[in-house]
Structure formats: structure tokens, C-alpha cells
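# Secondary and tertiary structure notes
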Amino acid sequence: FKELVYYSLSQLLGAFLAAITVYGIYYNNIARLEDMKATSIFVTYRQESITTVAAFFTETLGSALLICGIFVIIGRNDTSPHAPVYIGALLSGITLSFGYQTAFAFNAARDLGPRIWMSIIGYSPFNYRNSYFWVPIVANYTGAVIGILVYKIFFKQQIN
């Protein structure tokens, strides 16, 4: 739990600082955009064509597949030396499969850090799509827990 808090806060800070950097570099172009178009550069929203429930399921499943896949990749002796390549392929596959519906946050910090920054500077990233902001947070942590459980129940003993 201590590591979860440490890594979550570190990632949140990193995403926040990255949003500040990107905003500073592209300020002149971003300042011309409407509120939601500007914030959608930094944060995720569900497509209008799907419900919040469907978006929650998509984010949960994507996160679970990613976390379970990462544990499988790093847990095997034959794949762990090339983990970055395999994890990149895994993330690409998940993103291409599920990304369209929710813009694939798959990491709560990746979405929340920029949301906080955009809110500080006067945008409204917490208000769109029926206050969708909570989905990339709750669904991604839920998916991570499910992914770890699936790994421990179905894969860990077979790999070791």
C-alpha cells in the first residue's frame, strides 16, 4: 500500500509537470481553442456515442489487461529481457482495440494530473460528459486490482 501511494503521487506529479510543459510550449495555439477542445489535448473524455457505464467497463478492462500482461511479461525469464518491446506491443494492441471509446487513459495519474493543471489555469476539465473525470480514476484502479488478481490466480503458478 505504501508503494501504491508513493508511485501514484509520483506519477501524478510527473503528469502534472508534463501538462505544464506542453501547455507552455503550445500556449499560443491552445489559447485559441474552446474550453473542451483545449482540455481534450491533455485529458480523456468518453465518446458521446457511448454511456458512462460502457466507458467505465472499457477503462477497467483495458487497465486489467495491461497490468496482467505486464506481470506476465516481466514474470517470464524468456520475455523479461525484452520487456519494453513486449509491453509496448501490448499497450499498442490494447490502445488500438479500446482507445477510441475513451481516449485510453489506462492510468489514473496520466489523466488526473493534467486535469488539475487545466483547472488551475481556468479551464473546466471536470465538468464535461456528465462529470466524466471520475471514470479514469476509479476504473483504472479497479482494473489494476482485477489485473493483479487475474495474474495471481491464473498465471503466477504456471510461470514460476
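Here goes a summary of the coordinates provided. (Residues numbered from 1 in each chain as written. Predicted model: local features only at pLDDT ≥ 70, side-chain atom pairs only at ≥ 80, totals over all residues. Heavy atoms only, no water.)

This brings us to the packing of helix 6 (residues 108-120) against helix 8 (residues 135-159). As a packed pair, helix 6 and helix 8 sit with axes 8 Å apart at the nearest point and diverge in direction by 160 degrees. With respect to helix 8, the element helix 6 is oriented roughly antiparallel. In this structure, helix 6 crosses over helix 8, and the sense of that crossing is left-handed. For the pair helix 6 and helix 8, the contacting residues are Ala 108, Asp 111, Leu 112 and Arg 115 in the first and Pro 136, Ile 137, Asn 140 and Tyr 141 in the second. Class assignment of the residues belonging to the contact of helix 6 with helix 8 gives a composition of 5 nonpolar, 1 polar and 2 charged. (Axes fitted to C-alpha atoms, helices over the stretch in contact; angles between N-to-C directions. Helix = DSSP H or I, 4+ residues; strand = E, 2+ residues; numbered from the N terminus. Parallel < 35°, antiparallel > 145°, perpendicular 65-115°, else oblique. Left-handed = near helix turned anticlockwise from the far one by under 90°. Contact = heavy atoms within 4.5 Å. Nonpolar A, V, L, I, M, F, W, Y, C, P; charged D, E, K, R; others polar.)

With that out of the way, let us pick up the nonpolar core. Soluble globular proteins tend to pack their nonpolar side chains together in the buried interior. With 10 residues, the main nonpolar core is built from Ala 19, Tyr 23, Ile 30, Ala 38, Phe 42, Val 43, Tyr 45, Trp 117, Met 118 and Tyr 123. With residues near it in sequence (within four places) discarded, Tyr 123 still touches Tyr 23, Ile 30, Ala 31, Asp 35, Ala 38, Thr 39 and Met 118. Counting residues in hydrophobic clusters, the runner-up holds 5 residues, among them Ile 50, Ala 55, Val 135 and Ala 139. (Core = buried A, V, L, I, M, F, W, Y, C linked by side-chain atoms within 4.5 Å. Buried < 20%, exposed > 50% of the residue type's maximum accessible area, 1.4 Å probe, protein only.)

Across all of its chains, the model carries 11 aromatic pairs by this definition. Taking the centre distance of 6.5 Å and the plane angle of 50 degrees together, the rings of Tyr 23 and Phe 42 count as tilted. With Tyr 23 in helix 1 (residues 2-25) and Phe 42 in the loop between helix 3 (35-39) and helix 4 (52-75), this residue pair connects regions lying 19 residues apart in the sequence. Residue Tyr 23 is classed as buried on the basis of its relative accessible area of 11%. Since its relative accessible area comes to 7%, Phe 42 is described here as buried. Ring-pair connections join several aromatic residues into one group, and the members of that group are Phe 16, Tyr 23, Tyr 27, Phe 42, Trp 117 and Tyr 123. (Phe/Tyr/Trp six-rings, centres within 6.5 Å; stacked < 30°, edge-to-face > 60°.)

Attention shifts here to the layout of surface pockets. Reported here for the largest pocket is a volume of approximately 730 Å³. Looking at the lining of the largest pocket, the elements with two or more residues in it are helix 1, helix 4, helix 6 and helix 8. Ranked by residues supplied to the lining of the largest pocket, first place goes to helix 4 with 6 residues. Here the lining of the largest pocket is built from residues that sort into 15 nonpolar, 5 polar and 1 charged. (1 Å grid on protein atoms, 1.4 Å probe; cavity = no way out; pocket = protein on both sides within 12 Å on 5 of 7 lines; lining within 4 Å. Points joined across faces, edges and corners; volume = space filled by probe spheres on them.)

What follows is about the pattern of salt bridges. Under the criterion given, the structure shown has 3 salt bridges. Salt-bridge contacts for Glu 48 lead to Arg 129; the nearest nitrogen and oxygen are separated by 3.8 Å. With Glu 48 in the loop between helix 3 and helix 4 and Arg 129 in helix 7 (residues 128-131), this residue pair connects regions lying 81 residues apart in the sequence. Arg 129 gets classed as partly exposed once you look at its relative accessible area, which sits at 22%. Across the salt bridge formed by Asp 111 and Arg 115, the nearest N and O atoms sit 2.7 Å from each other. Here Arg 115 and Asp 111 lie together in helix 6, a separation of 4 residues that amounts to about one turn. We classify Asp 111 as buried; its relative accessible area is 0%. Using a relative accessible area of 0% as the deciding quantity, one classes Arg 115 as buried. (Salt bridge = Lys/Arg side-chain N within 4 Å of Asp/Glu carboxyl O.)

None of the figures reported here should be taken as evidence of function without further support.
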